[in-house]
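Residue-level listing of the chains:
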Amino acid sequence: MKKIPITFLFVILSVLSLYSQDKIKIAVLEFKILNVNMDIAEAVYDEFIVRLIDSGKFTVAEREDLKKVMLEMALQNTDEFDESSSVEIGKYLGAQIVIFGKLQKIGQKVRISIKGVDVKSATAAFAKLVTVENEDLLFDNIPLLINQIIDESHVAKASFYKY
């Protein structure tokens, strides 16, 4: 049996450690839905989560953990989240950013607005808005939205690790 040099193991562990540090832990609250079909809204939310995870840039808090925290904080019956409640949720989950959003239909146009709150500073880390001509185009624009969030998080990432 060959022995693996200690130096090699150290290099592997270092690389794995750096890889995990590059990911930002986030919690995504349920989107507020206004005049949009609930099946479409749920599919948009799920697609948003899957795309965040697939980007490899984020660790996303599990939905069940989020529900437990909201129950504990007595927020399960409210649709309104502000920076203060988002920060509390983020602290409970160990998240660096909490994302909340709104999916809204106005006439034929549909828009999705996303806001990310930095848990440590309790300030907005980013805000993004995408407006499309109809509900069918929402799914085509989620990757664009994710890329914008990734770009913003890379600019601000240094501030997440300063604390």
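The structure we're discussing is the one just above.
Throughout, a residue's number is its position along its own chain's written sequence, starting from 1. In view of the model being predicted, local features appear only for residues whose pLDDT reaches at least 70, and side-chain atom pairs are presented and counted only at 80 or more, with totals across whole chains, interfaces and linings using the full set of residues. Here the side-chain values reflect all heavy atoms present in the structure, with hydrogen atoms and water set aside.

Chemist: Just checking my understanding: could you explain the nonpolar core for this structure?
Modeler: Most often, soluble globular proteins have nonpolar side chains that are buried together. What makes a nonpolar core is a set of buried Ala, Val, Leu, Ile, Met, Phe, Trp, Tyr and Cys residues whose side-chain atoms join them at distances within 4.5 Å. Summary of the burial criterion: residues with accessible area below 20% of their type's maximum are buried, those above 50% are exposed, and those between are partly exposed, where the area comes from a 1.4 Å probe applied to protein chains only. Counting residues in each nonpolar core, the largest one holds 29 residues, and the members touching the most others are Ile26, Val28, Phe48, Leu52, Ile99, Ile112 and Ile114. Pairs of residues are marked as contacts when any of their non-hydrogen atoms sit within 4.5 Å. Excluding residues within four positions of it along the chain, Val28 makes contact with Tyr45, Phe48, Ile49, Leu52, Val60, Leu66 and Ile99. Core analysis: the next-biggest nonpolar cluster, separate from the first, contains 14 residues, Leu29, Leu66, Leu93 and Ala95 among them.

Chemist: Is there a simple way to think about the packing of aromatic side chains in this case?
Modeler: For any pair of aromatic rings, the description consists of the separation of the ring centres together with the inter-plane angle of the planes. Working definition: a ring pair exists when centres of Phe, Tyr or Trp rings (six-membered ring for Trp) sit within 6.5 Å. Plane angles under 30 degrees give stacked, over 60 give edge-to-face, the rest tilted. Counting across every chain of the model gives 2 aromatic pairs. Centre to centre, the rings of Phe31 and Tyr45 are 5.2 Å apart; their planes meet at 85°, and the pair counts as edge-to-face. In this pair, Phe31 sits in the loop between β1 (24-28) and β2 (32-34) while Tyr45 sits in helix α2 (residues 38-54), placing the two residues 14 residues apart along the sequence. Of the two residues, Phe31 and Tyr45, both sit in the buried class. With 5.5 Å between their ring centres and 65° between their planes, Phe31 and Phe48 make a pair best called edge-to-face. Taken together, the positions of Phe31 in the loop between β1 and β2 and Phe48 in helix α2 put the pair 17 residues apart, joining distant regions of the chain. Chaining the aromatic ring pairs together yields one cluster made of Phe31, Tyr45 and Phe48. The helix count covers DSSP runs of H or I at least four residues long, the strand count covers runs of E at least two residues long, and both are numbered beginning at the N terminus.

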